[in-house]
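Structural overview for review
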Amino acid sequence: MLSRKKILTLCILILFAGISMTFQWKVQNEFKKYPSRMEVVFEGDDTNYLELWDHRDYLNESYLTSFTLEKQVEYNGNELIIIEKDENYSKFQPYLIKDGRECKEGEHEIVISERFGEKMFPMDNPVGETVEISGDNYIISGIYEDTFLKKSYDLDEEIIYIPSSSIKEIDDNVSYRVLFSEKDGRDRLFFNERLNEYISEGIPYISSDSGLIFDYTDYSTILSQFFEGSIFLMEFLIFVLITIIILRKLKDDSKEYRLQLQDYYAKEIIMGNMDAILLEAIKLVLLIFLWAIILRFVINFKFNIPGRVLPPEDIFDFNFYVESFSQSRNYYHGGIYRKLYEKLFRIEFIGFLVSSVFSVSIFIMALKMKGSTKRMRKIHRRAEEEV
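Every value quoted in this text rests on a predicted model; they were computed, and no experiment measured them. (Residues numbered from 1 in each chain as written. Predicted model: local features only at pLDDT ≥ 70, side-chain atom pairs only at ≥ 80, totals over all residues. Heavy atoms only, no water.)

1. Observations concerning the overall build of the protein chain
On a plain count of helices and strands, the protein chain comes out with twelve helices and ten strands. Looking at the protein chain as a whole, 41% of its 387 residues are labelled buried. Within the protein chain, counting contacts between residues at least 6 apart in sequence, those at least 24 apart form 79% of the total. Just so you have it, the protein chain exposes about 22400 Å², and 58% of that area is on carbon and sulfur atoms. (Helix = DSSP H or I, 4+ residues; strand = E, 2+ residues; numbered from the N terminus. Buried < 20%, exposed > 50% of the residue type's maximum accessible area, 1.4 Å probe, protein only. Contact = heavy atoms within 4.5 Å. Areas by Shrake-Rupley, 256 points an atom, 1.4 Å probe, with all protein chains shown as cover.)

Right under this line is the structure:
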């Protein structure tokens, strides 16, 4: 008999492994709500940005685009990122208005987060209040909900949204951004190559040297690898465990059969233990069937190699991971999406390590419990023989 303590420990390990993997799954699924994209960024100079703006109808024919401005400011000791958005921005960075309404174009209105509203107006409803940011007065028209994802990554800066043409003074802290994504139903294969070709054909005087081009098309896939890696490790350990159980079972059954052959004929052994033999055969078949299913999952697993981020010749380039962890918090050219990815990368990596520890612990505990069961059977058998 297995002790209740061991069974309880195993159940707790399985529970925590399940919680860790569920969290990983939820984070990467939430991130998939943000469409894969490329961004063209111009810092401090709006000349090339305005040229792209003049060709927005041409760009919108084949791609979903959003023309935005982002600016970092400080307000009452809080670091803010002001995002001047157009009508398509919410398709790239969706958010839900919890209280109030969306800010109107042409008005000095802003939409703030729940957390920022609680900081600035802990006792009152912020909607309708006026705040002064960088010398301009804005009326808080709405509050957007802090989603599960936002609560998970917790950016250092507060993000506020304003309508188009609200940033009056242009300085070096302003980033002009053009966001590109495939329209619904379009093939995403070679998206970045096709976009570059499309821009060069329609707007030949806009070159890649005019701004900074950020390719984020692989980011969602990279994050999903942590969850898929956790699942793969669990499947592999289950496969190894079942393999060990099958081999031990075959070894023990053959040993017991040889011992019985010393006193009985094979026909006598079979006829006298027919029910037990059939039961053991069914157990073995089920184990082999389960083993084959798990083996198929293990073989079908494919690790995506993010070619533009991680060198394909060495997927275990640990310098890449070290650099990803040591990204400067002040590095801003990558924008909100890049900051979000860096935070979630750390969370998913830690989640993978945690779930791996629990998975290995479950594997070791299961092996020990299997060994204990085997020893108990031997002791029971010897006691019966002595009687």
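Alright, that's what it looks like, and here's the rest.
2. A word on empty space enclosed by the protein
Following the criterion strictly, the structure yields two cavities of 30 Å³ or more and no others. For the second largest cavity, the calculated volume is near 50 Å³. Sorting the residues of the lining of the second largest cavity by element identifies β2 (63–75), β9 (174–182) and α12 (335–386) as the ones contributing at least two each. For the lining of the second largest cavity, the leading source of residues is α12, giving three residues. Of the residues in the lining of the second largest cavity, the class split is four nonpolar, three polar and four charged. (1 Å grid on protein atoms, 1.4 Å probe; cavity = no way out; pocket = protein on both sides within 12 Å on 5 of 7 lines; lining within 4 Å. Points joined across faces, edges and corners; volume = space filled by probe spheres on them. Nonpolar A, V, L, I, M, F, W, Y, C, P; charged D, E, K, R; others polar.)

3. A closer look at the pattern of salt bridges
Applying the stated criterion across every chain yields a total of nine salt bridges. The salt bridge partner of E39 is R177, with a shortest N-O separation of 2.8 Å. On the criterion of sequence distance, the pair formed by E39 in strand β1 (residues 38–43) and R177 in strand β9 is long-range, its members being 138 residues apart. Overall, E39 belongs to the buried group, its relative accessible area being 3%. (Salt bridge = Lys/Arg side-chain N within 4 Å of Asp/Glu carboxyl O.)

4. So, a positive patch on the surface
Together, R248, K251, K255 and R258 make up a region of like positive charge exposed at the surface. Within the secondary structure, K255 sits in helix α8 (residues 219–261). (Patch = residues over 30% accessible without salt bridge, like charges linked within 9 Å, V, L, I, M, F, W, Y side chains within 5 Å. Lys, Arg positive; Asp, Glu negative; His and termini not counted. Charge placed at Lys NZ, Arg CZ, Asp CG, Glu CD.)

5. Let's talk about the packing of α8 against helix α10 (residues 274–300)
Running from amino to carboxyl end, α8 crosses α10 at an angle of 150°, the nearest separation of the two axes being 9 Å. On the basis of their axis angle, the class for α8 and α10 is roughly antiparallel. Note that α8 runs across α10; the crossing there is left-handed. Between α8, through F232, E235, F236, I238, F239, I242, T243, I245, I246, K249, L250 and D253, and α10, the contact on the second element is made entirely by E280, K283, L284, L287, I288, L290, W291, I294, L295, F297 and V298. Per-class residue counts for the contact of α8 with α10 are 17 nonpolar, one polar and five charged. (Axes fitted to C-alpha atoms, helices over the stretch in contact; angles between N-to-C directions. Parallel < 35°, antiparallel > 145°, perpendicular 65-115°, else oblique. Left-handed = near helix turned anticlockwise from the far one by under 90°.)

6. Examining a nonpolar patch on the surface
A cluster of nonpolar side chains, contributed by L8, I12, L15, F16 and I19, occupies part of the molecular surface with about 470 Å² of accessible area. Tracing the chain through its elements places F16 in helix α1 (residues 4–31).

7. A look at the side chain of R37
Within the secondary structure, R37 sits in the loop between α1 and β1. Among buried charged residues, R37 stands out as having no salt bridge; its nearest opposite-charge side chain is E39, 4.1 Å away. Within the local environment of R37, its side chain forms a polar contact with the backbone oxygen of P35, the two atoms lying 3.2 Å apart. Residue contacts for R37: discarding those within four places in its chain leaves F92, Q93, L179, F180, F191, F214, D215, Y216, T217 and Y337. (Polar contact = N/O pair within 3.5 Å; in protein donor to acceptor, adjacent residues only side chain to side chain.)

8. A few points about the environment of I350
With respect to the helices and strands, I350 occurs in helix α12. Overall, the relative accessible area of 47% leaves I350 in the partly exposed class. With 326 residues separating them along the chain, I350 and Q24 place their C-alpha atoms 9.6 Å apart.

9. Re the nonpolar core
Formed by 17 residues in total, the largest nonpolar core has its most connected members in Y49, L52, L59, F180 and L195. Residue assignment for this core shows that the elements contributing at least two residues are β1, α2 (47–54), β2, β9 and α7 (191–202). Ignoring sequence-local partners within four residues, the contact set of Y49 consists of F42, F67, T68, L69, Y176, R177 and V178. Among the nonpolar cores identified, the runner-up in size contains 16 residues, and Y34, Y216, Y341 and L344 belong to it. (Core = buried A, V, L, I, M, F, W, Y, C linked by side-chain atoms within 4.5 Å.)

10. Some details on the packing of aromatic side chains
Any pair of aromatic rings gets described here by the distance separating the centres and the angle formed by the planes. Applying the stated criterion across every chain yields a total of 19 aromatic pairs. Ring centres of Y216 and Y219 lie 5.0 Å apart, and the angle between their planes is 45°; on these two criteria the pair is classed as tilted. Taking the centre distance of 5.4 Å and the plane angle of 25° together, the rings of F239 and W291 count as stacked. In this pair, F239 is assigned in helix α8 and W291 in helix α10, connecting sequence segments 52 residues apart. The exposure class assigned to F239 is buried, which follows from its relative accessible area of 15%. The class for W291 is partly exposed, based on a relative accessible area of 26%. Clustering of aromatic rings is evident, with ring pairs tying together F31, Y34, Y216, Y219, F226, Y337, Y341, F345, F349 and F352. Here the guanidinium or amino end of R37 rests over the ring plane of Y337, the centre of that ring lying 3.9 Å away. (Phe/Tyr/Trp six-rings, centres within 6.5 Å; stacked < 30°, edge-to-face > 60°. Lys NZ or Arg CZ within 6 Å of the ring centre and 35° of its normal.)

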